[in-house]
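Spelled out from the first residue to the last, the chains are:
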Amino acid sequence: QLAQLAPKGSEEAIALLRRYLAFEPGDPWGRMALGDALAKSGAVSAAVEQYRRARRQAPGESDVYAGLGRILSDAGRTDELIANYEEWTSQQPKNAAAWLELGRARQKAHRYPEAADAYAQSLAIKQDDRTFGLLDGVLKETAFFLIPYVGRGADSDDNKVTRWGLEGDWQLTERSRLGLHAERSDVSDPFTSGTADEFALIARWW
């Protein structure tokens, strides 16, 4: 209790929590409290280790996954964040909040099809407008699109450029997209004219 009253992340709070755990090493909530204090002080790796130990002690408790998730998210450790939530859903497959957080983590990593799967699992357990909106967003990210365009320009010397083309993008695998760019440009002046064609395939993966 003294540790809780001390300034968050202070040396005093950390020392008191370590002392508490020396007496109660089997208390996962004490480890989580120490993890939170260490994270507040900037010792992120040490905080993560305390949470992982708490998770081994209490694998069925939502708090260990949610708390560790906050620390990993703030630290930008996205791969570890996804792994943490995947373990959470494996331990609690009927927990809609766990699937929701997994979807968010996967979406943050641009793993849109996998994020959609997680959001769908969450909705199957509990209908929620916010989750439905997130699912709709990631499905749009995975959708095929094709955009035609045309443009024309001219200057006072009667130089003219006309461009038209297509751009497309579609999901190739769960972690890759393939894009297409095709364009034709007609260029002319009062004396000459010419045509240039451009074509490109663009691959993105993560």
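Refer to the preceding data block for the structure.
Residues numbered from 1 in each chain as written. Predicted model: local features only at pLDDT ≥ 70, side-chain atom pairs only at ≥ 80, totals over all residues. Heavy atoms only, no water.

1. Structural notes on the sheet that holds strand β3 (residues 176–188)
Working definition: the strands of a sheet are paired by backbone hydrogen bonds and lie parallel or antiparallel to each other.
(1) Moving on: Spatially, β1-β2-β3-β4 is the arrangement adopted by the 4 strands of the open sheet, whose pairing is antiparallel. This sheet does not close on itself; its edge strands, each paired only once, are β1 (145–154) and β4 (193–205). Going across the sheet, the axis of each strand differs from the next one's by a mean of 10°, ignoring polarity. (Pairing = 2+ DSSP bridges. Helix = DSSP H or I, 4+ residues; strand = E, 2+ residues; numbered from the N terminus. Axes fitted to C-alpha atoms, helices over the stretch in contact; angles between N-to-C directions.)

2. Examining the side chain of R106
(1) Moving on: Turning to its location among the elements, R106 is positioned in helix α7 (residues 96–108).
(2) Moving on: Classification of R106 as buried rests on a relative accessible area of 12%.
(3) Moving on: If near-sequence neighbours (up to four positions away) are discounted, R106 is found in contact with I82, E86, R111, E114, A115 and A118. (Buried < 20%, exposed > 50% of the residue type's maximum accessible area, 1.4 Å probe, protein only. Contact = heavy atoms within 4.5 Å.)

3. Description of the packing of helix α2 (residues 11–23) against helix α3 (residues 28–41)
Working note: a packed helix pair is described by the angle between its axes plus the distance between those axes.
(1) Moving on: For the pair α2 and α3, the least separation of the axes is 9 Å and the interaxial angle reads 155°. As summarised for this structure, α2 and α3 are arranged roughly antiparallel, according to the angle between their axes. Where α2 crosses over α3, the handedness of that crossing is left-handed. Residues I14, L17, R18, Y20 and L21 of α2 touch α3, and the partners they reach there are G30, R31, A33, L34, A37, L38 and S41.
(2) Moving on: The residue makeup of the contact of α2 with α3, split by class, is 8 nonpolar, 2 polar and 2 charged. (Parallel < 35°, antiparallel > 145°, perpendicular 65-115°, else oblique. Left-handed = near helix turned anticlockwise from the far one by under 90°. Nonpolar A, V, L, I, M, F, W, Y, C, P; charged D, E, K, R; others polar.)

4. Description of the side chain of D169
(1) Moving on: Of note, D169 is situated in strand β2 (residues 160–173).
(2) Moving on: Overall, the relative accessible area of 9% leaves D169 in the buried class.
(3) Moving on: Of the polar contacts made by the side chain of D169, one reaches the side chain of R177; its length is 2.3 Å.
(4) Moving on: Setting aside its immediate chain neighbours within four residues, D169 contacts A143, F144, F145, R177, L178, G179 and R204. (Polar contact = N/O pair within 3.5 Å; in protein donor to acceptor, adjacent residues only side chain to side chain.)

5. Some points on the packing of α7 against helix α8 (residues 112–125)
(1) Moving on: Packing of α7 against α8 brings their axes to within 8 Å, and their N-to-C directions diverge by 165°. The pairing of α7 with α8 is recorded here as roughly antiparallel in orientation. At the point where α7 passes α8, the crossing takes the left-handed sense. Across the interface between the two elements, A96, W99, L100, L102, G103, R104, R106 and Q107 from α7 touch Y112, E114, A115, A118, Y119, Q121, S122 and I125 from α8.

6. Topic: the pattern of salt bridges
(1) Moving on: All told, the structure shown has 15 salt bridges when counted by the stated rule.
(2) Moving on: R52 is paired through a salt bridge with E80; the nearest N and O atoms lie 2.7 Å apart. Of this pair, R52 sits in helix α4 (residues 44–57) while E80 sits in helix α6 (residues 78–91), and the two are 28 residues apart along the sequence.
(3) Moving on: In this structure R52 comes out as partly exposed when scored by relative accessible area, which is 28%.
(4) Moving on: What emerges from the salt-bridge pattern is a single network uniting E86, R106, R111 and E114. (Salt bridge = Lys/Arg side-chain N within 4 Å of Asp/Glu carboxyl O.)

7. Some remarks on the layout of surface pockets
(1) Moving on: Each pocket or cavity is described by its volume, and for the largest pocket that value is around 250 Å³.
(2) Moving on: Q1, L2, A3, Q4, L16, L17, R19, Y20, G30 and A33 are the residues that line the largest pocket.
(3) Moving on: For the lining of the largest pocket, the secondary structure elements donating two or more residues are α1 (2–5), α2 and α3.
(4) Moving on: Top contributing element to the lining of the largest pocket by residue count: α2, with 4 residues. (1 Å grid on protein atoms, 1.4 Å probe; cavity = no way out; pocket = protein on both sides within 12 Å on 5 of 7 lines; lining within 4 Å. Points joined across faces, edges and corners; volume = space filled by probe spheres on them.)

8. Quick word on the pairing of β2
(1) Moving on: Pairing analysis gives 10 bridges linking β1 to β2, with the strands arranged antiparallel. In the sheet register, V150 faces β2, and the bridge partner there is W164.
(2) Moving on: Linkage of β1 to β2, two consecutive antiparallel strands, is achieved through a turn of 5 residues, within which D158 is found at a positive phi near 65°.
(3) Moving on: Both β2 and β3 contribute to a ladder of 13 bridges, which runs antiparallel. When the bridges of β3 are listed, T162 appears paired with D186.
(4) Moving on: The turn joining β2 and β3, which pair antiparallel and follow one another in sequence, is formed by 2 residues.

Read these as geometric descriptors, not functional statements.
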